[in-house]
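Survey of secondary and tertiary structure
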Amino acid sequence: LFIWVITIFLNLFTFHGQSIEVPDFKGMTMDEIQNMDGSKRFDYVVVDSVYDLARTPGSVISQMPFAGSHVKRGRNIYLTLVASEPESTKLPNLVDMTARQATALLETYGLKVGKIKYVPDIGQTVLKAIFKGKEMSWGAELPKGSKIDLVIGRGGKGEKVIIPDLIGKSRDEARNTITG
């Protein structure tokens, strides 16, 4: 009798033989899921978010268990949502890099090269990075996928440069003379 009572209790407690089909939540927002009939039969856990410009922010991109699976009432449904804002990254220091090196490094950080502007300078390397018309400092936080405009030196083109006499000057005096 005791074993029979425990078996009945366990069948009721564990919902033995009872299952519910998991609906397809893809493309739905959490508000839509909560307002859906039968949504209270599951517990929802957001496990990840992925930024996708082509999809609605806050909508479900994947779920586990998959739609059509049979689970018991009260089980967790793990959801991956579309993030409302892109992940951010730091602008790497590109000073003294060629256009090719800077492009490769920006791509590894998830950034894109926008326009390239060449200005008179002795080197053919990156001088500045510009985002939305504003000069950015190295290490600034930017959204991934942002386009960064680069200001690059045009190079010397074989022009003669007058080198000032620096003999006998201190390091600071020499630096001031050169920059002047």
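For the structure itself, consult the block above.
Below is a short write-up of the structure. (Residues numbered from 1 in each chain as written. Predicted model: local features only at pLDDT ≥ 70, side-chain atom pairs only at ≥ 80, totals over all residues. Heavy atoms only, no water.)

**Some points on the environment of Lys 132**
Tracing the backbone shows Lys 132 in the loop between β8 (126-131) and β9 (134-135). Lys 132 sits in the exposed class, given a relative accessible area of 75%. Sequence-wise, Lys 132 and Lys 147 are 15 residues apart; in three dimensions their C-alpha atoms are separated by 8.4 Å. (Helix = DSSP H or I, 4+ residues; strand = E, 2+ residues; numbered from the N terminus. Buried < 20%, exposed > 50% of the residue type's maximum accessible area, 1.4 Å probe, protein only.)

**Observations concerning the nonpolar core**
Leu 91, Leu 106, Leu 142, Ile 148 and Leu 150 are the most contacted members of the largest nonpolar core, which has 14 residues in total. Looking at this core, the elements that each hand over two or more residues are α3 (99-108), β8 and β11 (147-153). Each residue touching Leu 106, except ones within four places of it in the same chain, is listed here: Leu 91, Pro 92, Leu 94, Leu 111, Val 113, Ile 148 and Leu 150. The next biggest cluster of nonpolar side chains, apart from the first, holds twelve residues, and it includes Ile 33, Phe 42, Val 60 and Leu 79. (Core = buried A, V, L, I, M, F, W, Y, C linked by side-chain atoms within 4.5 Å. Contact = heavy atoms within 4.5 Å.)

**Looking at the sheet that holds strand β7 (residues 112-119)**
Across the sheet, which stays open at both edges, the four strands sit in the order β7-β11-β8-β9 with mixed pairing between neighbours. Where the open sheet ends on each side, the last strands, each with one partner, are β7 and β9. Pairing of β7 with β11 involves six bridges; the strand directions are parallel. Along β11, the bridge assignment pairs Lys 117 with Val 151. Its contacts with the sheet place α3 against β7, β8 and β11, and it is angled at close to 160° to β11. (Pairing = 2+ DSSP bridges. Axes fitted to C-alpha atoms, helices over the stretch in contact; angles between N-to-C directions.)

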